[in-house]
Amino acid sequence: MSDEQLSFLDEECDTAHVDFLPTREAGLERLKHFAPYTGRAYASGRNFDLGADNRSNISALSPWIRHRLISEDEVLRETLKQHSLQASEKFVQEVFWRAYFKGWLEQKPDVWRLYNKDLKSAIKVLGKDKNLRQRYEEAIAGNTGIDAFDHWAKELTETGYLHNHARMWFASIWIFTLKLPWELGADFFYRHLLDGDPASNTCSWRWVGGLHTKGKNYAARASNISKFTNGRFTGHMNLASDPSPLNDMREADAVPLPIQESIEDKSYILLLTEEDLLPETLALRDEPKAIIGMLSAEARSPLEVSAKVIQFTQSAMADALERAKGHFGCETTFCDKEDDQLAFLVEAAKANDVDTIVTAYAPVGPVADRLAQIQYKLGEHDIKLVQVMRDYDAKVWPHATRGFFKVKKQIPKLIDQLNIS
Ligand SMILES: Cc1cc2nc3c(=O)[nH]c(=O)nc-3n(C[C@H](O)[C@H](O)[C@H](O)COP(=O)(O)OP(=O)(O)OC[C@H]3O[C@@H](n4cnc5c(N)ncnc54)[C@H](O)[C@@H]3O)c2cc1C
């Protein structure tokens, strides 16, 4: 790297420090600060994991993007205001990776179902197999003796965030060196990441293991770790040298993408979930009569979800409800009991004399699983749940049928169609 590029990786640089404050304002502020670096500087510096005190070379926007406190099209628009598509190509592609994984899982929901089923089985085995349990506990506590891995296990639980390269190395060591079930590793991430996402997380773990791109796995190497951590971890790591990819003969059937439901000309209640906390820009007809917030963060895992993740989603929801109240000028309430949501919605519909509840489309994951259960029961009360898709998802997801390349090829066209440039 040139001296010029290195100075941008400086700990004193104004983008080095990140507080993951769960508000839209904080997300927009981070975007404003990082946008000038989304061009060639990002392309050359992004692979370096400089540690939790220096995030100058990556946007660290994922916790905000994941909850749609800020949207992908906003991030792309700000980027393309400051750089040409050619100069910011790498960053733009990374942003599209997210929609690629979301669209891919949407069309292969069995992958999510099987992950949950296999995770439950793996947790059961932990209860019976003492040796496996000990190795698992050492891994999540950061007590394996592999310095870098132990550091990342602690960094994840302490900060709720890991650099992309650290996630790849960590997952690879988990699967191929420690030989632990990948589902338990994905679950560990999902319980602790502030950006924990059913699609990006599940698909990325499968990608590292060699299940997403069949037969192609990712092998972590000590020399690569040493180089891209700027020499923070240089010791002998004894990592699996030429691991074989995981194998899973079960084929997930492809299902069609959802069709946008029409919002009839009726009074409705607006429901906010952690999948989309930007109701101001949803394509809605008229004003809602009331707004309700509900969370499914505890449903991310059969095991305990970290207090940091719960707090992040609760505060992000509070921020969204506050904004929605100002924007739509109606009452907002938060249903704080995850097992009481159906009764809460039925009660609210009756109190407001409406038979329609509208929400942003919930992609495959725990929120969608819960909405599917609720939707069925709401029907028994003659209440309809309508899920509104965003144009961005509706335009990108159809291309996410195979590898990322298909989406990548469409990026210039998509940017045009979405009026982003
Ligand atoms: C094993 C593993 C697990 C992961 N789990 C998650 C997860 O639960 N949630 C999550 O959002 N990302 C996940 N990722 C993807 C990626 O690591 C993070 O999105 C990225 O590190 C976030 O940091 P950033 O915002 O600085 O990214 P930047 O490099 O600044 O990229 C900008 C944005 O693009 C998107 N993005 C970047 N890289 C990826 C990618 N590889 N896949 C999908 N989207 C991407 C994110 O929204 C990100 O905020 C995982 C990757 C791996 C290898």
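Residues numbered from 1 in each chain as written. Predicted model: local features only at pLDDT ≥ 70, side-chain atom pairs only at ≥ 80, totals over all residues. Heavy atoms only, no water.

Q: Help me get a handle on the site of the ligand, residues and values and all.
A: The ligand sits among 27 residues. The nearest are Y42, S59, A60, Y161 and N164. In this structure, an oxygen atom belonging to the ligand sits 2.7 Å away from a side-chain N or O atom of N164. A distance of 2.8 Å separates a nitrogen atom of the ligand from a polar backbone atom of D195. If the ligand stood free it would expose 820 Å²; the protein chains cover 96% of that surface. Contributing elements (two or more residues each) for the shell around the ligand: α4 (62-66), α6 (89-107), α10 (164-177) and α12 (198-209). It is α6 that contributes the most residues to the shell around the ligand, six residues altogether. (Near = heavy atom within 4 Å. Polar contact = N/O pair within 3.5 Å; in protein donor to acceptor, adjacent residues only side chain to side chain. Areas by Shrake-Rupley, 256 points an atom, 1.4 Å probe, with all protein chains shown as cover. Helix = DSSP H or I, 4+ residues; strand = E, 2+ residues; numbered from the N terminus.)

Q: Outline the packing of helix α7 (residues 109-128) against helix α11 (residues 182-192), listing residues and values.
A: Here α7 crosses α11 at 100 degrees, and the two axes come no closer than 8 Å. Of the possible angle classes, the one that applies to α7 and α11 is roughly perpendicular. Two secondary-structure elements touch here, α7 through W112, Y115, D118, L119, A122, I123 and L126 and α11 through W182, E183, L184, A186, D187 and Y190. Of the residues contributing to the contact of α7 with α11, the split by class is ten nonpolar, no polar and three charged. (Axes fitted to C-alpha atoms, helices over the stretch in contact; angles between N-to-C directions. Parallel < 35°, antiparallel > 145°, perpendicular 65-115°, else oblique. Contact = heavy atoms within 4.5 Å. Nonpolar A, V, L, I, M, F, W, Y, C, P; charged D, E, K, R; others polar.)

Q: Can you explain the pattern of salt bridges? Please cite residues and give values.
A: For the coordinates displayed, the defined rule picks out 25 salt bridges. Of the charged contacts, one joins K32 and E29 as a salt bridge, the two residues approaching to 4.0 Å between their closest N and O atoms. Of this pair, K32 and E29 both sit in helix α2 (residues 24-34), three residues apart, which is roughly one turn of that helix. One salt bridge connects E137 with R133, and the closest N-O pair in it is separated by 2.9 Å. Note that E137 and R133 are positioned in helix α8 (residues 130-141) at a spacing of four residues, about one turn of the helix. With a relative accessible area of 37%, R133 lands in the partly exposed category. Within this structure, R68, E72, R98, K102, D197, D276, R390 and D393 form a network of salt bridges that share partners. (Salt bridge = Lys/Arg side-chain N within 4 Å of Asp/Glu carboxyl O. Buried < 20%, exposed > 50% of the residue type's maximum accessible area, 1.4 Å probe, protein only.)

Q: Any chance you could break down the sheet that holds strand β2 (residues 290-294) for me, citing the residues and the numbers?
A: Adjacent strands of a sheet pair through backbone hydrogen bonds, lying either parallel or antiparallel. A sheet is described by the order of its strands in space; here five strands give the open sequence β3-β2-β1-β4-β5, paired in parallel fashion. Every interior strand has two partners, whereas the edge strands, β3 (332-335) and β5 (384-388), have only one. On average, each strand axis in the sheet is tilted by 25 degrees relative to the strand beside it, whichever way the strands run. The pairing of β2 with β3 spans four bridges and is classified as parallel. Note on β3: the bridge partner recorded for I292 is T333. Lying over the sheet, helix α14 (residues 307-328) contacts β1 (269-272), β2 and β3, oriented at roughly 170 degrees with respect to β2. On the sheet, helix α15 (residues 341-351) packs against β1, β2, β3 and β4 (356-360) and is oriented at approximately 180 degrees with respect to β2. (Pairing = 2+ DSSP bridges.)

Q: Can you tell me about the domain arrangement of the protein chain, naming the residues and giving the values?
A: Assigned domains of the protein chain: these are domain 1 (3-105 + 396-417), domain 2 (109-228) and domain 3 (269-388). Here the C-alpha centroids of domain 1 and domain 2 sit 23 Å apart. Roughly 2100 Å² is buried in total at the junction of domain 1 and domain 2, and carbon and sulfur atoms are behind 61% of that figure. In terms of surface lost to domain 2, no three residues of domain 1 exceed D49, F101 and L105, which account for 32% of the buried area on that side. Taken together, the links from domain 1 to domain 2 amount to three salt bridges. Among the ionic pairs, K102 bridges to D197, the shortest N-O distance being 2.8 Å. Listing elements by their share of the side of domain 1 that touches domain 2, those giving two or more residues are α4 and α6. Among the elements that take part in the side of domain 1 that touches domain 2, α6 stands out by supplying six residues, more than any other. By residue class, the composition of the side of domain 1 that touches domain 2 is ten nonpolar, four polar and six charged. (Domains from an automatic or database assignment. Buried area = accessible area lost by both parts, 1.4 Å probe.)

Q: Talk me through the side chain of N201; I want residue IDs and the actual numbers.
A: Tracing the chain through its elements places N201 in helix α12. With residues near it in sequence (within four places) discarded, N201 still touches A186, F189, Y190 and L193.

Q: Please set out the packing of α10 against α12 residue by residue, giving values where relevant.
A: For the pair α10 and α12, interaxial distance at closest approach is 9 Å and the crossing angle is 60 degrees. As summarised for this structure, α10 and α12 are arranged oblique, according to the angle between their axes. Of the two elements, α10 crosses α12, and the hand of that crossing is right-handed. Across the interface between the two elements, M168, F170, A171, S172, W174, I175 and F176 from α10 touch W205, W207, V208 and G209 from α12. Of the residues assigned to the contact of α10 with α12, the class counts are nine nonpolar, two polar and no charged. (Left-handed = near helix turned anticlockwise from the far one by under 90°.)

Q: Tell me what's going on with a negative patch on the surface, and back it up with residues and numbers.
A: Where like charges cluster on the molecular surface, the negative patch consists of E298, E304, D336, D339 and D340. One can find D340 in the loop between β3 and α15. Under the relative-accessibility criterion, D340 is labelled partly exposed at 35%. (Patch = residues over 30% accessible without salt bridge, like charges linked within 9 Å, V, L, I, M, F, W, Y side chains within 5 Å. Lys, Arg positive; Asp, Glu negative; His and termini not counted. Charge placed at Lys NZ, Arg CZ, Asp CG, Glu CD.)

Q: Which residues make up the nonpolar core, and what values go with them?
A: If you look at the biggest cluster of nonpolar residues, it comprises 115 residues, and the most contacted ones within it are F96, W152, F170, I173, W174, W205 and I225. Every residue in contact with W205, bar those within four places of it in the chain, is listed here: F170, A171, W174, I175, W182, G185, A186 and F189. One finds I269, C335, L371 and I383 within the second-largest nonpolar core, a separate group that totals 20 residues. (Core = buried A, V, L, I, M, F, W, Y, C linked by side-chain atoms within 4.5 Å.)

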